[in-house]
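Secondary and tertiary structure notes
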Amino acid sequence: MEKQIVGEKAAQFVKDGMVIGLGTGSTVFYTIQKLGLLVKQGLSIKGIPTSFQTERLAKENGIPLANFHEIEQIDIAIDGADEVNPELDLIKGGGGALLREKIIARAARTFIVVADTSKMVDRLGTFQLPVEVIPFGYEMTEKHIRSLGSDLHIRIVNGQAFKTDNGNYIFDCNFPNITNPKQLEQDLNMIPGVVENGLFVGMADIVITLDIEKNIVIK
Ligand code: 5RP
């Protein structure tokens, strides 16, 4: 229910003619459903999906899609998060779509995050940080990530190493109490083999969540 409230609220920021980055996950699912309804009522938008899953969902909901070469800019990207701290820094990638999500969030003029109350934290790091790595030499990449102080495991789904839409693996990394998210984001991305990590620092412009009385709060 919380996910539906915040997810649908984000659709109010979308205006006719906009190009919208469509995030991945069970919260932005409601944004996409709502946008589909608005499109049926005459709203003209184009969506850029952050995953194959979202591409399917957008098509099912009748949202026209665009390719990067067809557009000049992304007006708004809307996406969920796994954790949001008071500075609006994020951990993302629980759904394994962090690389495309970060590319699209960075390209958007406004990045809106939809987050139920369970996602709001004082400090990032309880949720394991997803790090996308290329399969080649991933054993070496793992050692380098461990040297930054993390315990980690490769993500397994249905008994097999999970592969992202980009054909890469995900390491779920235990960095409890991330005191300097920007530094960690940079340190991880300096490791050869790391493609991207789920720290989104200084990227969110707006976070839509709820207060303890379940009123919508826009930060
Ligand atoms: C996917 C993501 C999601 O936005 C994040 O995992 C939140 O998902 P949900 O809205 O299902 O809780 O980063 O890679």
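The shown structure was predicted, so the numbers you read here are calculated from the model rather than taken from an experiment.

For the protein, the helix and strand inventory stands at six helices and 15 strands. For 219 residues, the compact-globule estimate of 2.2 N^0.38 gives 17 Å, and the C-alpha radius of gyration of the protein, at 17 Å, lies within 12% of that figure. Along the first, second and third principal axes, the C-alpha atoms of the protein reach 55 × 40 × 35 Å. Within the protein, the proportion of its 219 residues that are buried is 46%. In the protein, once contacts between residues fewer than 6 apart in sequence are set aside, the share between residues at least 24 apart is 74%.

Residues with a pLDDT of 70 or more make up 100% of the protein, whose mean pLDDT is 97. Here the predicted complex carries an ipTM of 0.98, next to a pTM of 0.97.

With that out of the way, let us pick up the environment of Asn215. Note that Asn215 resides in the loop between β14 (206-210) and β15 (216-218). Accessibility expressed as a C-beta count within 10 Å gives 8 for Asn215, which makes it exposed. Asn215 sits 31 residues away from Leu184 along the chain, and the two C-alpha atoms are 33 Å apart.

A separate point is the site of the ligand. The full set close to the ligand counts 17 residues, and Gly25, Thr27, Gly80, Gly94 and Gly95 are the nearest of them. Split into classes, the residues belonging to the shell around the ligand amount to three nonpolar, 10 polar and four charged.

The side chains of a regular strand alternate, residue by residue, between the two faces of the sheet. Along strand β11 (residues 169-174), five of the six residues are buried, which leaves the element largely enclosed by surrounding structure. The pairing of strand β7 (residues 129-133) with β11 spans five bridges and is antiparallel. By the bridge assignment, Pro130 is partnered in β11 with Asp172. Note that strand β8 (residues 151-154) and β11 share four bridges and pair antiparallel. Residue pairing in the sheet places His153 in a bridge with Asp172 of β11.

With respect to topology, six strands assemble into an open sheet ordered β2-β1-β3-β6-β14-β15, the strand pairing being mixed. Of all strands in the sheet, those bounded by a partner on one side alone are β2 (46-49) and β15. Averaged over all adjacent pairs, the angle separating strand axes in this sheet is 20°, with direction ignored. In this structure, strand β1 (residues 19-22) lies alongside strand β3 (residues 74-79), joined through three bridges in parallel fashion. In the sheet register, Leu22 faces β3, and the bridge partner there is Ile78. Running at roughly 145° to β14, helix α1 (residues 2-10) makes contact with β3, β6 (108-114), β14 and β15 of the sheet. Where helix α3 (residues 52-60) meets the sheet, it contacts β1 and β2, and its direction lies at approximately 155° from that of β2.

As a further point, take the environment of His144. Among the structural elements, His144 can be located in helix α5 (residues 138-147). Separated by 47 residues in sequence, His144 and Ile191 have C-alpha atoms that sit 6.9 Å apart.

A separate point is the sheet that holds β7. Across the sheet, which stays open at both edges, the four strands sit in the order β8-β11-β7-β12 with antiparallel pairing between neighbours. Looking at the sheet topology across the chains shown, the edges are occupied by β8 and β12 (194-197). Here the strands of the sheet are splayed against their neighbours by 30° on average, with no regard to which way each runs. Where β7 and β12 come together, three bridges link them in antiparallel fashion. Paired with Glu132 across the bridge in β12 is Glu196. With respect to the sheet, α5 is in contact with β7, β8, β11 and β12, its orientation differing from that of β11 by roughly 20°. Packed on one face of the sheet, helix α6 (residues 181-189) meets β7 and β12 and runs near 160° to β12.

Definitions and limits used
- Residues numbered from 1 in each chain as written.
- Predicted model: local features only at pLDDT ≥ 70, side-chain atom pairs only at ≥ 80, totals over all residues.
- Helix = DSSP H or I, 4+ residues; strand = E, 2+ residues; numbered from the N terminus.
- Rg over C-alpha atoms; globule rule 2.2 N^0.38 Å.
- Buried ≥ 20, exposed ≤ 12 C-beta atoms within 10 Å, placed from the backbone.
- Contact = placed C-beta atoms within 7 Å.
- pLDDT = per-residue confidence, 0-100.
- Near = placed C-beta within 6 Å.
- Nonpolar A, V, L, I, M, F, W, Y, C, P; charged D, E, K, R; others polar.
- Pairing = 2+ DSSP bridges.
- Axes fitted to C-alpha atoms, helices over the stretch in contact; angles between N-to-C directions.

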